[in-house]
Amino acid sequence: MISINSNYQKLKANYLFPAINERVRNFVDTQPKADIIRLGIGDVTKPLPAACRSAMKAAIDEMGTVEGFHGYGPEQGYGWLRETIAYHDFQSRGCDISSDEIFISDGSKCDCSNMLDILSKNNSIAVTDPVYPVYVDSNVMAGHTGDISSEGYYEGLTYLPITADNNFIASLPKKKIDIIYLCFPNNPTGAIATKSHLEEWVNYALKHGSLILFDAAYEAFIQNPDLPHSIFEINGAQQCAIEFRSFSKTAGFTGTRCAFSVIPKDITGINHEGNKVKIWDLWMRRQSTKFNGVSYIVQRGAEAIYSAEGQKEIKQLINFYMTNAAIIYKELEKVGFNIYGGQHAPYVWVKNPVGQTSWDFFDHLLKQANVVGTPGSGFGKAGEGYLRLSAFNSRINVETAMNRITSMY
Ligand SMILES: *Cc1c(COP(=O)(O)O)cnc(C)c1O
């Protein structure tokens, strides 16, 4: 008999989306004519930018020629894409990141969980509560936690609550934590970090020799030019942070798949003999063995995001979603709801005005307005009482949903 990785059995079954679907199904059974609007989705809805499509079509034709054919590419990604990214996303914002420090991948979800391959089980780990569930579950799978408590917390993880009381900004842990996951702009709360907040974290990490895993998947949604887009805008971050970026939300690449991680060459960890080892070397080794790169065609599509045409198109995409977010925010504010986020992120985080729990609010909106949100409690205990509404939808759906909700109050 083979034995399995029993850590998987510690995982809490992912009830959230199946539970949402079940409630919606049950409701539709009783009200078959109901016109349901789903504002629960965390996936983009607008089509791929034309600039990306033409670049990918040209790349396909190139692949059909002897001279233009590409087989296995560099595991780290093509140099031309990494150089474009390094210049456009980092150097032009004053961050000293070189193309060597960029690793192209097929997704940030994979990167942030695969990163655990090169880190030991002995690290203490902190996540916010609520949180993007991938950070927690991948640590459970890797055996970095104990069992889950009846309260829903995994033993061995440190949870940093983010609520309206602290403006959805976690306080620094009192004790030393080795690895800290941060996500700004935040999924699910829509919160944003100022430069001074990130400075606090970088100083903490430098003082304790910690590593910050910074998820900037929603960086392109930041509206205020003074807010940091990258952790590397903070002095010292190159000694203590890894950043995850993705084209999924920026350019509608959720189904096309392309992302990248930034791993500065300065970052080190210690091995079991107490000697310093470069994290970059380990990640390079890991990727060269376990990953064979993103397709040439998709990397050409990603490169086109940085062309003048591509930039214009993604600005329009993001403005479209952010106008949706502004409509949700403004309409719900009018009827006196307590609302957060939505200003630099495509998510609005709404406090339940009608009952105790997130599910009470979910049911209320489903039954009275036929609008589906995502219960905040699904992202962690401290998300209880909130609902996440997503701006990834059509204008007409967002407006109709808001009309229905506001007419209830
Ligand atoms: C959507 C999202 C990502 C992107 O994941 P991909 O695998 O690149 O599609 C990463 N982090 C968060 C918090 C997200 O919501």
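Nothing here was measured: the structure is a model prediction, and the numbers come from that model.

Student: Any chance you could break down the sheet that holds strand β11 (residues 339–341) for me, citing the residues and the numbers?
Tutor: Spatially, the 4 strands line up as an open sheet ordered β11-β12-β15-β14, and their pairing is antiparallel. This sheet does not close on itself; its edge strands, each paired only once, are β11 and β14 (374–375). Of the strand pairs in this sheet, β14 and strand β15 (residues 386–390) are connected by 2 bridges, and their pairing is antiparallel. Among the inter-strand pairings, Pro 375 is bridged to a residue of β15, identified as Leu 387. In the packing of helix α11 (residues 358–369) onto the sheet, the strands contacted are β12 (347–351), β14 and β15, and the crossing angle to β15 comes to about 50°.

Student: Just give me the short version of the domain arrangement of the protein, but keep the residues and values in it.
Tutor: When the parts of a complex come together, some accessible area is lost, and that lost area is often used as the size of the interface. On domain assignment, one finds that the protein holds domain 1 (6–47 + 309–406) and domain 2 (53–307). The straight-line distance from the C-alpha centre of domain 1 to that of domain 2 is 25 Å. Taken together, the contacts link 34 residues of domain 1 with 46 residues of domain 2. Across the domain 1 to domain 2 interface the summed buried area is about 3200 Å²; carbon plus sulfur atoms make up 63%. Of all residues in domain 1, Lys 10, His 344 and Phe 379 give up the largest surface area on contact with domain 2, accounting jointly for 22% of the area buried on that side. For the pair domain 1 and domain 2, the interface holds 0 salt bridges. Run the count over domain 1 and domain 2 and you get 16 residue pairs in polar contact (both at pLDDT 80 or more). Listing elements by their share of the side of domain 1 that touches domain 2, those giving two or more residues are α10 (308–334), β11, β12 and β15.

Calculation rules
Residues numbered from 1 in each chain as written. Predicted model: local features only at pLDDT ≥ 70, side-chain atom pairs only at ≥ 80, totals over all residues. Heavy atoms only, no water. Pairing = 2+ DSSP bridges. Helix = DSSP H or I, 4+ residues; strand = E, 2+ residues; numbered from the N terminus. Contact = heavy atoms within 4.5 Å. Axes fitted to C-alpha atoms, helices over the stretch in contact; angles between N-to-C directions. Domains from an automatic or database assignment. Buried area = accessible area lost by both parts, 1.4 Å probe. Salt bridge = Lys/Arg side-chain N within 4 Å of Asp/Glu carboxyl O. Polar contact = N/O pair within 3.5 Å; in protein donor to acceptor, adjacent residues only side chain to side chain.

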